[in-house]
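Chain residues, written in single-letter form:
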Number of protein chains: 4
Amino acid sequence: MNRDTARRRAFDILERDLPGDRVADVVHYFLIATILLSVSGAVLATVPSLEMRDTWWFAAGEHVALAVFSVEYLVRLWVAPEHPLRRGMSPQRARLAYVVTAPAIIDLLAIAPLFFALVHEHDFHAVMVLRLLRFLKLARYSSGFNALYLSVKRERYALLSCFLILCSGVLIAATAMYLAERTIQPQQFGSIPAAMWWAITTLTTVGYGDVVPVTTVGRIIGGITMVSGLVMLALPIAIIASSFSEVISKHHFVVTFSMISRLPPFSELEAPVLGDLLPLLNSRNFDRGHQVVRRGEAAEHLFVVLEGRLEREASTGGGVEMLGPGAVFGLLPGASGAQAVAVRAVAKSKILAIEENELHVLALRHPVVVGRLMAAATRNAGA
Amino acid sequence: MNRDTARRRAFDILERDLPGDRVADVVHYFLIATILLSVSGAVLATVPSLEMRDTWWFAAGEHVALAVFSVEYLVRLWVAPEHPLRRGMSPQRARLAYVVTAPAIIDLLAIAPLFFALVHEHDFHAVMVLRLLRFLKLARYSSGFNALYLSVKRERYALLSCFLILCSGVLIAATAMYLAERTIQPQQFGSIPAAMWWAITTLTTVGYGDVVPVTTVGRIIGGITMVSGLVMLALPIAIIASSFSEVISKHHFVVTFSMISRLPPFSELEAPVLGDLLPLLNSRNFDRGHQVVRRGEAAEHLFVVLEGRLEREASTGGGVEMLGPGAVFGLLPGASGAQAVAVRAVAKSKILAIEENELHVLALRHPVVVGRLMAAATRNAGA
Amino acid sequence: MNRDTARRRAFDILERDLPGDRVADVVHYFLIATILLSVSGAVLATVPSLEMRDTWWFAAGEHVALAVFSVEYLVRLWVAPEHPLRRGMSPQRARLAYVVTAPAIIDLLAIAPLFFALVHEHDFHAVMVLRLLRFLKLARYSSGFNALYLSVKRERYALLSCFLILCSGVLIAATAMYLAERTIQPQQFGSIPAAMWWAITTLTTVGYGDVVPVTTVGRIIGGITMVSGLVMLALPIAIIASSFSEVISKHHFVVTFSMISRLPPFSELEAPVLGDLLPLLNSRNFDRGHQVVRRGEAAEHLFVVLEGRLEREASTGGGVEMLGPGAVFGLLPGASGAQAVAVRAVAKSKILAIEENELHVLALRHPVVVGRLMAAATRNAGA
Amino acid sequence: MNRDTARRRAFDILERDLPGDRVADVVHYFLIATILLSVSGAVLATVPSLEMRDTWWFAAGEHVALAVFSVEYLVRLWVAPEHPLRRGMSPQRARLAYVVTAPAIIDLLAIAPLFFALVHEHDFHAVMVLRLLRFLKLARYSSGFNALYLSVKRERYALLSCFLILCSGVLIAATAMYLAERTIQPQQFGSIPAAMWWAITTLTTVGYGDVVPVTTVGRIIGGITMVSGLVMLALPIAIIASSFSEVISKHHFVVTFSMISRLPPFSELEAPVLGDLLPLLNSRNFDRGHQVVRRGEAAEHLFVVLEGRLEREASTGGGVEMLGPGAVFGLLPGASGAQAVAVRAVAKSKILAIEENELHVLALRHPVVVGRLMAAATRNAGA
């Protein structure tokens, strides 16, 4: 294996791009486990009663984690030119471009405490805490972080307005309460900044209860503040919620649409018909090893493979058949009762699942499509 | 009655599939009442002042409940082969397949304390508490539990991301507060795990107030945490809410569509026209005995029976007419004023109810459909 | 004026059906004011320091309110046969049918304390409190109460499921906490019912803080309960919210659709075209006396009157012109700058308001419609 | 520069209407900074320990801020006739019309304390607090404030109903708790107004915990109140949320639609086709100086300029080309790999960004449109 092949292989392992790559899975889960253990260690090290900080195994674990993350950082730096978005660049430029991306900066911060600790031996405490940044390394493995980031970014102007409205609310509530109770509770409402603490806990409906109005006027102001707080709650919920679900559903729609439009029998349809069908089609993801159809169970869906690979094991004879994109199986119109075959995903797969009721609806609207799907399913079952 | 017929009857009773089956209703409500009484007993038995645990009637009730649930479990096991999904299997396989379903496991856990108590006489307390699991038996009778389960399952990756974001939030807020107030309130913020208790109560806006920042820096960190908490609230609300309502509405849409498409005059329409109509049609459920139309009241809707059976009692003569799926009654175009008939559901029924205003809209778009509906209603009224 | 005409007039006054009826308005606001004053009195009477209960004016006010509500009840009973839904019945039957409606029962309960107080002189306190039921009389004047009632009724099965899920959550959380802290905090968590108080305050995110876990295990249980609480929050919000806005928007859509479809130039359109237009059209309500167009301001909308009556005052000459349903005025394509006329609603009116930008969109899709609207507006302006 | 030109220039600077006007930006940010500093000063001046009120620099800052706001007010008054909506009026009438607008009143209130302080020397405290009204001046710079105002206004009847429902809830909960615990906790629940404080904190889920039921009956009432509180939360969230997002999205839809419909190749399309396209098209805003395409990065979108001006810098030769509305650039079908050009906004721009996947969908539905876009992009790239 020459150097280029090795770099390609290392990139595939780290990015876990190939379905069914066992080495990539092991590396993947090993890194996640190391992050979780390292963060848990850093958290528990702050508990005085555990006295963990002086044990040999804590220090050892700490050094192992630092070594793992350092190696990971260097390997990611090495394989940076393999990324599709940086393929046209020279290796040096590609690495430089990688170093300034958000994940690379987080990775660097996750190992920075080591270098800090070597230089500033005395400030051990801040260094311990800095290791908690490693938790952010998990963002790399979560699509939700990305969707939240996109939603917040998309709606940053609306959220800024919300924040401004919240600030006005805090300011007005705090001022009113300051005027109402500054002489009765000077400790709690003696200045506007002090009253702001009460205002923010009330407007967000957290309500600690450490600072509470006691006069009638103060309680009326408090009641108005609480009711306004419901509106304050409503605004960011409305903004984030609609944006978040739009980001997720739009991504899903576009991906499913472009997959379906390339698969027979759907590829033969005109686009407007395809658009009509789409809301009736649900795609599901199956991880490697998951059973799509269990032997002996009645099939409740008609399945169309969009992506990935599956394995069908017939009960008689024991032959194993591989199913790829475009394969149709499952529910057969005539064949009631239990399935004679089992279908299992052998790689991460995306499968269209159509319920019997939906098939009925579909058949009413587009009899030709359903006819072809049924023909394909029968042909496959007979094969 | 031979054994197979008896098993079939027992299955129908337990599943309450036939509308208007009085025996099934009695068994149904008896089981629900037994669950509620048994759970209430287990809860109240933990109140020391009631001294219920030593009374003879408490022990008797406990034994009766155990007997009921044991019999129920055995009967459900016996009738398992009758389930449509397990009809092709041998009785033994069908029962084995049933035993591993979620409801069967919950049922077993609900009677397990009996066997536990027989074996481990000493650990009575844990056994008492285990009986609370019986509450989960109610899930069998609630479609909402199922919809929640499906929603959560469908969005498990998005919810996992939310959880990860929440964990990051807790970790960051706890660390910041630990650094800010660990020396001022060592009892509350002396370690990161201790500070995490404050962070989780604040981010979820519960805000007990048992741990509260007292310094200016701590309060600024607290304010930022509270505002972030609003975003934390927004994400799961958005995900669960949209998923839950989609699961419910999708189920409803598909069921209504397939029912309507089989009923004249709708069955004569082309599917796209039917799709246009659907948003204007609302189906309503009526339980047995509910009045659909009251004598003497003005009819405000045109009704089309989708499912179930109804009884129409004319004011003159006293003849009673049965209405089944496809029957049309109610609002008549010419006949203003009060109804001369009363219509009552004699079995659980699903009825399409079209308001006068909606009928107007419908008539504009599809005059033929409305014409036929009106003709059917007039014919029925004249019969 | 004979008796029937008087009854008709009394009904119109109480139901406030005729736009621009000054007597009805006075009666309407007088009744609302009496309710508010009576309820405020009942609330303030419970404050010992005010010593209101012994003052002569409090007793007088109380008697006046009772007299007003009694008269109102009797008048409503008298005019009951005038209601469109009860027009076919005999007066006696109509009154009996009215007496058992929800508003009539509330009205009766609002005056019941009087009779109670006459019979049971001693139980004065409960009687005082019963008067608070008068607040519910306000529901008659609020369409929101009705929409909430319809939403809750429509979704009663889903809400029941929510309630069941909440009960399960409370039960599980309380049991877990009971097992965890029953020996450490016997006062707070010594029995499951006691622990349920903590569980419900936590799951609803109210979080009083009077009962708080103190052990590590208890705090972990608490954290899980809080996060589950977010899901508990999400379910009813999702159900009520979607149902509530659907009830409101459906009502609005059907009302607007049927109004527009009867007005030229829209009545000449085919229904599908009308359906396309609808999302672009916003209707607004104007109360009597509100200015629709101010003299000297630039018109920003094209207005089409759907319902009600308006008065247009031209600047020159001072003639006043009445506008009814179907009239078009406002924004003119050629005439930039300020309006020379003022338009004021003389009765509660519903007016379609089309913004300049929307008019642009409309003109692209349906040039004929916009042409006719513009012609009508120009013709009106020239008149 | 004569007086009219100067007034026009002053208006443009204050309204910041011309993109890329450096003077307007400086004035804009200077005013925002002055507001923030002045409000911060007013807040911090209430903290006794800071002893700011007697320092010379605090008084100086206060006078500077007053001077700035007074000058701003006078200049805005001077330029009022330049506003498009007041163009037809005489200068005096235009200024009078301006003085009674909401922003002008807020501006006046922001400087009013000066005049107050001059007249009523003694009431210094109220004057200090009045300066906090300056924060509302920021509303002028935030579109969110306006959207919130419009949403609340649009739904004022629904929100009033919500408020009525909330009042009923508070009244019922307070009365029930008053009856249950008025003898056990006379301090907390001794009168209905006192119990209302508990009811409002519970219904809004704030839950301070300063007043808490202690009896079993009280806690059951409390539990019911909390669960009702979730419904109370749901209603305003549903109303505000849907209204707010509708106001924002409607504004966005109409603006984008009217822009796109004027640009080739979209202007050649029929309106219904355009309507189909719209959901697939996302517009993005770029501020001056923002990079749209970075040199060396792979283009991931096809961009169509809707508004504003951009600058394209080719790598070879160094010529700079200006792009205006209608220009197409970015993703090229054949050209994989990195971009050879950089594109930067030189004024605030609105750009349509079409992702590769969306382009695929678009090409399926409307091949002609995509063909023309691609041709334009290739032509531009070759230029």
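Naming follows an unreviewed UniProt entry, where chain A appears as Ion transporter of Xanthobacter dioxanivorans. According to the UniProt record, the Subcellular location (unreviewed entry) comment for chain A reads "Membrane".

Novice: Please explain the confidence of the model for chain A as it appears in this structure.
Specialist: Any residue range with low pLDDT should be treated as having predicted coordinates unsuitable for detailed reading. Residues and elements named next belong to chain A. The share of residues in chain A with pLDDT of 70 or more is 75%, and the mean pLDDT across the chain is 78. Put simply, helix 12 (residues 271–277) is where chain A has its lowest mean pLDDT, 60, and helix 10 (residues 192–203) is where it has its highest, 92. Interface scoring of the predicted complex returns ipTM 0.73; its pTM is 0.76.

Novice: Please explain the pairing of strand 3 (residues 301–307) of chain C as it appears in this structure.
Specialist: If a strand is regular, its side chains alternate between the two faces of the sheet. All names here are of chain C. A large share of strand 3 lies buried, amounting to six of its seven residues. When strand 3 meets strand 8 (residues 349–355), the two strands line up antiparallel, connected through six bridges. The residue bridging V305 from the neighbouring strand is I351, located in strand 8. As paired strands, strand 3 and strand 6 (residues 328–330) are joined by three bridges and run antiparallel to one another. Across the sheet, the residue bridging to L302 is G330, located in strand 6.

Novice: Would you take a moment to explain the environment of C:L373 for this structure?
Specialist: Tracing the sequence through the fold places C:L373 in helix 14 (residues 367–382). Separated by 71 residues in the primary sequence, C:L373 and C:L302 have C-alpha atoms spaced 8.6 Å apart.

Novice: Mind showing me how you'd approach helix 3 (residues 56–79) of chain B here?
Specialist: Structurally, the α-helix is built with 3.6 residues per turn, so residues lying three or four positions apart point the same way. Taking 1.5 Å of rise per residue, the 24 residues of helix 3 of chain B would be expected to cover 34 Å, and the 35 Å separating its terminal C-alpha atoms lies within 8% of that figure. Taken residue by residue, helix 3 of chain B has B:E62, B:A65, B:F69, B:R76 and B:V79 as its buried positions.

Novice: For this particular structure, what's the right way to read the UniProt feature "transmembrane region" (unreviewed entry) in chain A?
Specialist: Mapped onto this structure's residue numbering, the UniProt feature "transmembrane region" (unreviewed entry) falls at residues 26–50, 56–75, 96–119, 157–180, 192–208 and 220–241 of chain A. Taken as a whole, residues 26–50 of chain A contains 76% helix and 0% strand, while its terminal C-alpha atoms sit 32 Å from one another.

Novice: Would you take a moment to explain the environment of C:L352 for this structure?
Specialist: All names here are of chain C. Within the element layout of this structure, L352 appears in strand 8. Classification of L352 as buried rests on a count of 21 C-beta atoms within 10 Å. With 284 residues separating them in the primary sequence, L352 and V68 have C-alpha atoms 40 Å apart.

Novice: Whenever I open this one, unusual backbone geometry confuses me. Can you help?
Specialist: With the exception of glycine, most residues fall at negative phi, and the peptide bonds are largely trans. Unusually for a residue other than glycine, A:T205 sits at a positive phi of about 60 degrees. Looking at the secondary structure, you find A:T205 in the loop between helix 10 and helix 11 (216–260).

Novice: Could you clarify how one ought to interpret the packing of helix 8 (residues 156–181) of chain A against helix 10 of chain A in this entry?
Specialist: Angle between the axes and distance between the axes: these two values describe a pair of packed helices. Residue and element names in this part refer to chain A. Where helix 8 contacts helix 10, the two axes come as close as 8 Å, and the packing angle between them is 125 degrees. Classified by the angle between their axes, helix 8 and helix 10 sit oblique to one another. Taken as a pair, helix 8 and helix 10 cross one another with a handedness that is right-handed. Judged by residue contacts, L166, G169, V170, A173, A174, T175, M177 and Y178 of helix 8 engage I192, A195, M196, W198, A199, I200, T202 and L203 from helix 10. Across the contact of helix 8 with helix 10, the residue classes break down as 13 nonpolar, three polar and no charged.

Rules used throughout
- Residues numbered from 1 in each chain as written.
- Chains lettered and ligands numbered in written order.
- Predicted model: local features only at pLDDT ≥ 70, side-chain atom pairs only at ≥ 80, totals over all residues.
- UniProt positions renumbered as here; feature names shortened; annotations may be inferred.
- pLDDT = per-residue confidence, 0-100.
- Helix = DSSP H or I, 4+ residues; strand = E, 2+ residues; numbered from the N terminus.
- Buried ≥ 20, exposed ≤ 12 C-beta atoms within 10 Å, placed from the backbone.
- Pairing = 2+ DSSP bridges.
- Expected span 1.5 Å × (residues − 1).
- Axes fitted to C-alpha atoms, helices over the stretch in contact; angles between N-to-C directions.
- Parallel < 35°, antiparallel > 145°, perpendicular 65-115°, else oblique.
- Left-handed = near helix turned anticlockwise from the far one by under 90°.
- Contact = placed C-beta atoms within 7 Å.
- Nonpolar A, V, L, I, M, F, W, Y, C, P; charged D, E, K, R; others polar.

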